[in-house]
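Coordinate analysis (summary)
Chain by chain, the residues run as shown.
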Amino acid sequence: MSRIFSGIQPSGELTIGNYLGAIRNWIALIEKYDSIFCIVDLHALTIQYDPSRMQNRIRAAAAANIAAGLDPEKCVLFVQSHVPEHTELTWYFNTVTPMGDLGRMTQFKEKSRQHRENINVGLFGYPVLQAADILLYKADHVPVGADQVQHIELSREVARKFNSRFGEIFPEPKALLSPSPRIMGLDGKSKMSKSMNNYIGLVEEPESIRKKLATAVTDENRKRRTDPGNPEICNLFTLHKSFSDAAEVETIDGECRSAGIGCVECKRRLADNMLKELDPIRERYHDLEKRPDDIADILRSGARHCSEIAAKTMEEVRDAMGLV
Ligand code: AQP
């Protein structure tokens, strides 16, 4: 079985962008691959955060992933900082990664703009840690959203550079793209993100989801209820395609273009369909929240499994690099 590895940051409440762009795709893959998923807490330290809230965020991210369908019987779920080899391998990879490549990363440019007061070395080296995450387990594929493809390319480059200098140790991992497009925030302009106040939470309460959808930007050219709309440029139509069935999507498309329905009705139907999928996830999440020991057990067992693989890889790496 080939192996997949992917991660998610505990940098806030998981969003439906994370769900559609990552988690929903992971669930479809766990039957076919040896699957390892990681709560990448070390990555989340690269932006300002409140240390007193981090533990809860890690636990909440684990619970949300399990509630969404990452069955711990079928895949491995663990916390990045529980396997210290991630940081050791990062250091070795730092020595083969050109700074120019990191400076070109779109995410670094975006995050540097968002966090001008804290452009730290960790933010710059983020993709090197990501390469270490993936290559430590010699993963063949990395299921990610379209926004992460550039980082996976860099992981391939790091593997190539390392192998050519120290010998063939790492496979070149390939991105397995989520079928979902990049999900935009409620403003319709920037990517939906945990750390931006532009999202719908995966386990958010129904009333709050309905309120947020009510304020979400649609086709801005549609000024009046009687104006025909253009679903192709409407962010909410993208969400309909993710949560509504094909027949409903077709109906909405026609009714929007002919002004048969307005945005209010379109949003109401979207909320109904979204909640059909999210309600059971939220219920399982609240149930898991009451069982923190069970979550801790799952994460501990995941870390044990990953530590064994990591130790073997690191022996090979240290040996190849001439370390005693
Ligand atoms: N808006 C999105 N549309 C599609 N996919 C998305 N992903 C995230 N946002 C969207 C996918 O979620 C996975 C995990 O992402 P991450 O936690 O590593 O960090 P990120 O990509 O930077 O996601 P966020 O929510 O935007 O985090 P913050 O706010 O901390 O920067 C990835 O596979 C990503 O493609």
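Calculation criteria
- Residues numbered from 1 in each chain as written.
- Predicted model: local features only at pLDDT ≥ 70, side-chain atom pairs only at ≥ 80, totals over all residues.
- Heavy atoms only, no water.
- Helix = DSSP H or I, 4+ residues; strand = E, 2+ residues; numbered from the N terminus.
- Rg over C-alpha atoms; globule rule 2.2 N^0.38 Å.
- Buried < 20%, exposed > 50% of the residue type's maximum accessible area, 1.4 Å probe, protein only.
- Contact = heavy atoms within 4.5 Å.
- Areas by Shrake-Rupley, 256 points an atom, 1.4 Å probe, with all protein chains shown as cover.
- Lys, Arg positive; Asp, Glu negative; His and termini not counted.
- Charge placed at Lys NZ, Arg CZ, Asp CG, Glu CD.
- Domains from an automatic or database assignment.
- Buried area = accessible area lost by both parts, 1.4 Å probe.
- Salt bridge = Lys/Arg side-chain N within 4 Å of Asp/Glu carboxyl O.
- Polar contact = N/O pair within 3.5 Å; in protein donor to acceptor, adjacent residues only side chain to side chain.
- Nonpolar A, V, L, I, M, F, W, Y, C, P; charged D, E, K, R; others polar.
- Near = heavy atom within 4 Å.
- 1 Å grid on protein atoms, 1.4 Å probe; cavity = no way out; pocket = protein on both sides within 12 Å on 5 of 7 lines; lining within 4 Å.
- Sits in = over half its atoms within 2 Å of the grid points.
- Pairing = 2+ DSSP bridges.
- Right-handed = clockwise from strand over helix to strand, strands pointing away.

This part is about the overall build of the protein chain. Counting its secondary structure elements, the protein chain contains 13 helices and five strands. By the compact-globule yardstick of 20 Å for 324 residues, the protein chain fits well, its C-alpha radius of gyration being 21 Å. Expressed as lengths along the three principal axes of its C-alpha atoms, the size of the protein chain is roughly 75 × 45 × 40 Å. Per-residue burial over the protein chain gives 52% buried out of 324 residues. Expressed as a percentage of contacts within the protein chain between residues at least 6 apart in sequence, the contacts between residues at least 24 apart total 78%. Roughly 15,300 Å² of accessible area belongs to the protein chain as shown, and the carbon and sulfur atoms make up 52% of that amount. On the protein chain, the mean spot of the 43 positive side-chain charges and the mean spot of the 46 negative ones are 4 Å from each other.

When the parts of a complex come together, some accessible area is lost, and that lost area is often used as the size of the interface. Under the domain assignment used here, the protein chain contains domain 1 (3-183 + 292-320) and domain 2 (206-285). Contact with domain 1, which involves eleven residues of that partner, is made by ten residues of domain 2. For the domain 1 and domain 2 pair, buried surface summed over both sides reaches about 920 Å², with 68% attributable to carbon and sulfur atoms. Three residues stand out in domain 1 for area buried against domain 2, namely Ile16, Tyr19 and Ala67, and they jointly supply 46% of the buried area on that side. Across the domain 1-domain 2 interface, the total number found is one salt bridge. Close ionic contact of Arg24 with Glu277 constitutes a salt bridge, the shortest N to O distance being 2.8 Å. In this structure, the connection of domain 1 to domain 2 is made through four residue pairs in polar contact (both at pLDDT 80 or more). When contributions to the side of domain 1 that touches domain 2 are tallied by element, the ones reaching two or more residues are α1 (16-29) and α3 (51-68). For the side of domain 1 that touches domain 2, the element with the most residues is α3, which contributes five residues. Of the residues that constitute the side of domain 1 that touches domain 2, the class distribution is ten nonpolar, no polar and one charged.

Another point: the site of the ligand. The ligand sits among 20 residues. The nearest are Ser11, Lys111, Asp147, Ser193 and Ser195. The side chain of Lys194 places a nitrogen or oxygen atom 2.6 Å from an oxygen atom of the ligand. Here the ligand occupies the largest pocket. Counting residues per element, the shell around the ligand draws most heavily on α1, at four residues. In the shell around the ligand, the residues fall into five nonpolar, ten polar and five charged.

As paired strands, strand β4 (residues 141-144) and strand β5 (residues 174-177) are joined by four bridges and run parallel to one another. Opposite Val142, over in β5, you have Ala175 as the bridge partner. Once the chain exits β4 it traverses helix α8 (residues 149-166) before rejoining the sheet at β5, and the crossover so formed is right-handed.

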